[in-house]
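# Analysis of the macromolecular model
For reference, the chains in residue letters:
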Amino acid sequence: MKKIWLCLVLMLACVFMLVSCGGDSKSPSKVEEPDNEPEETADADTAEEPAEQDEKPAENSEENTTPENFNPENPGYFVEFMIIDVNMANQPQTMAVGYFMKAAREDLNPHGGIDESTLDTCVFGEAVESVPQCTSKEDCAPEQDCVPETDNNGQAIANSEHCETPNRASLDVGPVQISGFNGGPYTFAYEPGDQAYKLNGTGDGSIPGDMIAYGVDYTIIGENMIPDDLDSLSATFTMPPSFAISEPVPQPGSGAGFGDIINVTPGEPLTMKWAGNNGYGYIDVNFVVMKSLAEQVSITCRMIDDGEFTIPAEFTSAMQLSATDSSNPLGEMLGMMNMITVNRHVEAPITGDGITAGTFSAEQMVLYTLGNN
């Protein structure tokens, strides 16, 4: 629930920023380098060797290392920080948001985890099919409920039932510092209005686009935190290159779609190429084909971030676009809604004294207009 809630908040905020005017024009404040440097510092010159991520297990206390031995009376803390980099219709928007909570049993076995068998595969639909983890409260631990995920309309998502601890609150545990951004490191602090961590503890979660640096290590550090049972935390991941499809070569859009045009030949395999992240992390690509207002085709591929993936012909066969009448406003609107959404994800575990589980991650989202050869 937590990760999906945060993703929805961030995506909605990005959409809001795209359609709103004005905004906070204040520049972020750079913090001085801490006196006590961490033993291992990121070096932009070694970006070709990504920091350890997606593999290193979290360092937890002797208890709370698995869902089976989790102690709800002494849970420790769960923390999640996410950097969001969105480019829609060549209009970039960037955000960085995080939160702390008392840890819960599900944090040690998140139902949203990636099944390796889904990597380098495609399915018809908006997402890789999920499998319910429970059918009733009796299937869960005493402090958990069996609940489904919900969509943007508040409707339950089929087969998404999972065990979740209710009534968890976001907490203020003191500021943290994040390095890797251009001009950083920067301080992120708790903003009580949205109960989330933001740049300097203010604003709507957005950050200036020129703060984002690519191909370098990002590190989060927290020291001397407020609660007595939380002492320190740290994590490092390597930000991938700025995402762009290099093959097939994007064609300039007309300005009416979501961005540059990626042309597909229906019924033929489609090989996509990009500057990869040495196989670290994954990329979800969703193709939407509008046949009519009542019919759309959605295809999702989840790819290892190694720079190349071929979509089989059985899926591109469904990417035949309907003929649209540009003189008809409805037809023109349908043509504009044929789109490709690319979501690149990379993360590293957050560890430290008092941390039961946590992730430090980045999402790069790029939208293209889908066309036919």
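Please read these numbers as outputs of a predicted model, since none were measured by experiment. In every chain, residue numbers begin from 1 and rise along the written sequence. Residues qualify for local features only when their pLDDT is at least 70, as the model is predicted, and side-chain atom pairs are given and counted only at 80 or more; totals for whole chains, interfaces and linings, by contrast, use all residues. Hydrogens and water are ignored here; the side-chain numbers use all heavy atoms of the structure.

## Concerning the side chain of N338
Position of N338 relative to the elements: it lies in the loop between α3 (329–336) and β17 (339–349). Using a 1.4 Å probe on the protein chains alone, a residue whose accessible area is under 20% of its type maximum counts as buried, one over 50% counts as exposed, and one in between counts as partly exposed. In this structure N338 comes out as buried when scored by relative accessible area, which is 4%. Those residues within four positions of N338 in sequence are excluded, and the remaining contacts are V288, V289, M290, L321, Y368, T369 and L370. Only DSSP runs of H or I covering at least 4 residues are called helices, and only runs of E covering at least 2 are called strands; the numbering of each starts at the N terminus. Contacts are residue-level and defined by heavy atoms, with any inter-residue pair within 4.5 Å sufficient.

## Digging into the nonpolar core
What is meant by a nonpolar core is a set of buried Ala, Val, Leu, Ile, Met, Phe, Trp, Tyr and Cys residues, joined one to another through side-chain atoms within 4.5 Å. One finds F81, I83, F100, F181, Y218 and F360 to be the most contacted residues of the largest nonpolar core, which totals 34 residues. With four residues, the single largest contributor to this core is strand β1 (residues 77–88). Not counting residues within four places of it along the chain, the set of residues in contact with I83 comprises M95, A96, F181, I212, Y218, F237, M239, F360, S361, A362 and E363. V264, C301, F315 and L321 belong to the second largest nonpolar core, which has 27 residues in total.

## Structural notes on the packing of aromatic side chains
Stacked, tilted and edge-to-face pairs are distinguished by plane angle, under 30 degrees for stacked and over 60 for edge-to-face with tilted covering the rest, among Phe, Tyr and Trp rings (Trp via its six-membered ring) whose centres lie within 6.5 Å. In total, this model carries 12 aromatic pairs according to the counting rule given. Between the aromatic rings of F181 and Y218, the centroid separation amounts to 5.1 Å while the plane-to-plane angle is 85°, which identifies the pairing as edge-to-face. One end of the pair, F181, is in the loop between β6 (176–179) and β7 (186–191); the other, Y218, is in strand β9 (residues 217–223), and 37 residues separate them in sequence. Just as F181 is buried, Y218 falls in that class too. Ring pairing ties together the aromatic residues F181, Y186, F188, Y218, F237 and F360, which thus form one cluster.

## Remarks on the environment of I157
Here I157 lies in the loop between β4 (145–147) and β5 (162–164). Sequence-distant contacts of I157, that is, excluding residues within four places in its chain, are made with P148, E149, T150 and D151.

## Observations regarding the confidence of the model for the protein
This prediction gives the protein a mean pLDDT of 81; 76% of its residues lie at or above 70. Counted against residues more than four places away or in other chains, residues 53–60, with its pLDDT under 50, gives 23 contacts. The quantity known as pLDDT measures the predictor's confidence residue by residue, on a range of 0 to 100.

## Re the sheet that holds strand β16 (residues 308–311)
For two strands to be treated as a pair, DSSP must find at least two bridges joining them. Read across the sheet, three strands follow the order β11-β13-β16 without closing on themselves; strand pairing throughout is antiparallel. Either end of the sheet is taken by a strand with one partner, and the two such strands are β11 (245–247) and β16. Between one strand and the next, the sheet's axes are offset by a mean angle of 35°, whatever the strand orientation. Direction of pairing for β11 relative to strand β13 (residues 270–274): antiparallel, over a ladder of two bridges. Among the inter-strand pairings, I245 is bridged to a residue of β13, identified as W274. Every axis corresponds to a line fitted to the C-alpha atoms, with the helix fit spanning only the stretch in contact, and the corresponding angles, defined between N-to-C directions, vary from 0 to 180 degrees.

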